[in-house]
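# Chains, contacts and geometry: an overview
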Amino acid sequence: ELRERWAAWAWADAERADSLANLYNARYNTMRPRTFCGAHLTFPGLASEMGGKPLTLQKHQVDGAARILSCGSGGGGAGVDSGSGEGTLLTWKVGSGKTLGAICGVVKRVQLGLSRRALFVVPKHTLPQWRVAFLSAYPGLADELIAATDDAFGPTNRKRFLSSIATGDARYALVTYEQFKSIPLSQETFQSHMGAEISDLRAHLDAAIAGSDEAKALKRAFKAREKTLLRFAARYEEAWARATATGDAPIMWDDLGVDLLVYDEAHYVKNDMFSTHMTNIAGLPRAESHRAFDARVKAHVTMHRGGVLIGLTGTPITNTLAEAWIMMRLFQPGTLRRLGLQHFDAWASTFAEPYVSVEMDSVGKFRTQTRLKFQNIPELLNILAEAWDRAETEE
């Protein structure tokens, strides 16, 4: 009832209505989803056959390559977390050729000099498939591809493998999730990010307390988030200690020279931590994955320095509405800040609303449950279209 009364009051005054309309037009009525067309592109070195069949790129793959070429236009932000340009997320359905489309777009970027070195981060069980797909598509680039093996990050091989990326002529590298996570950020870079993240959390807490009667609950939530960050920081401390235990100068993420990061199956990094003052809302994610946090920090560090992030997934949103914001924070940090939506609560108040429903629990009893549902969907889709490639794929 309060929300309905508020909506009626907001538009009752003509001057206030004009102000709100101007604010809406300035923030959300200036976007038109761009249509990418890659019909003009050529792909030097692309094989004519793949797997014994003629290799012909489909329209959505060529258009996706054009989008990859255009992303990361830069701009720089105030802090590591703000990123620079926007990333690209290919959300084509399963089996539509995301792997080949990403490979072609990445190779084209490197050939044009838009990126210098690309790192593909893939699930362990798919790394051999990625290697075969890459070499089948571009057999002439065999000398420029480094693919990690199971023991590439062992005690004796780790430094050699990372050195081959940092100082070698290879412009493409393939590693698994676990290997990627084990590459530490430099202490200076990580501490800079941690300081910015904690300051951001504290500012969000202060703003929330100013307009809420639940100060104690909000402070507890902040302490929980801060404790999680410190726990993640302790893991980095352990990694730095292990890397320097031999007395040699360790090779950090900052040293690799990667300016194009490709993350396959990006839905595996959706369990990232986030802060909210919402209470009694079912369906909000509670998991706090160190892998997701590590991937976001490295991605934003790369983007902040002018690099590019490319993601691939057929299921960007699966379980909760909050996953949309988490993926936007990963791939569109600059857009969220520009719109003032860098905190989940601000985003949720714009693109979601709570509703109460009657549900049956696990023992067959009915109970009321408050959840979130989408609202203002056209505006949300326009924002997503700046980074998410939801092109219709060919059957």
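Everything discussed here concerns the structure shown above.
Below is a short write-up of the structure. All figures in this text were calculated on a predicted structure; none of them were measured in a lab.

Within the span of helix H6 (residues 158-167), buried status applies to Phe161, Leu162 and Ile165. Here the buried residues of H6 occupy an arc of 90 degrees about the axis, which is enough to place them on one side. Residues of H6 that are exposed and angled more than 90 degrees away from the buried face: Arg160 and Thr167. Contacts from the buried residues of H6 go to strand E5 (145-147) and strand E6 (172-176).

On to the packing of helix H3 (residues 59-70) against helix H4 (residues 98-111). One way to put it is that H3 packs onto H4 with a least axis distance of 8 Å and a crossing angle of 40 degrees. Taken as axis vectors, H3 and H4 run oblique relative to one another. Read as a crossing pair, H3 and H4 show a hand that is right-handed. Here Gln61, Ala65, Ile68, Leu69 and Ser70 of H3 lie close against H4, whose contacting residues are Leu100, Gly101, Ala102, Gly105, Val106, Lys108 and Arg109. Looking at the contact of H3 with H4 residue by residue, the class counts come to six nonpolar, four polar and two charged.

What follows is about the nonpolar core. As a rule of thumb, soluble globular proteins bury nonpolar side chains together. Leu119, Phe161, Phe180, Trp253, Phe293, Phe344 and Trp347 are the most contacted members of the largest nonpolar core, which totals 76 residues. At eight residues, helix H11 (residues 322-331) tops the list of elements feeding residues into this core. Those residues in contact with Phe344, other than ones at most four positions away along the chain, are Phe274, Ser275, Thr276, Met278, Leu284, Ala322, Trp325 and Leu372. Counting residues in hydrophobic clusters, the runner-up holds 38 residues, among them Leu41, Cys104, Ala133 and Tyr138.

Cut-off values and rules
- Residues numbered from 1 in each chain as written.
- Predicted model: local features only at pLDDT ≥ 70, side-chain atom pairs only at ≥ 80, totals over all residues.
- Heavy atoms only, no water.
- Buried < 20%, exposed > 50% of the residue type's maximum accessible area, 1.4 Å probe, protein only.
- Helix = DSSP H or I, 4+ residues; strand = E, 2+ residues; numbered from the N terminus.
- Arc of directions from axis to C-beta.
- Contact = heavy atoms within 4.5 Å.
- Axes fitted to C-alpha atoms, helices over the stretch in contact; angles between N-to-C directions.
- Parallel < 35°, antiparallel > 145°, perpendicular 65-115°, else oblique.
- Left-handed = near helix turned anticlockwise from the far one by under 90°.
- Nonpolar A, V, L, I, M, F, W, Y, C, P; charged D, E, K, R; others polar.
- Core = buried A, V, L, I, M, F, W, Y, C linked by side-chain atoms within 4.5 Å.

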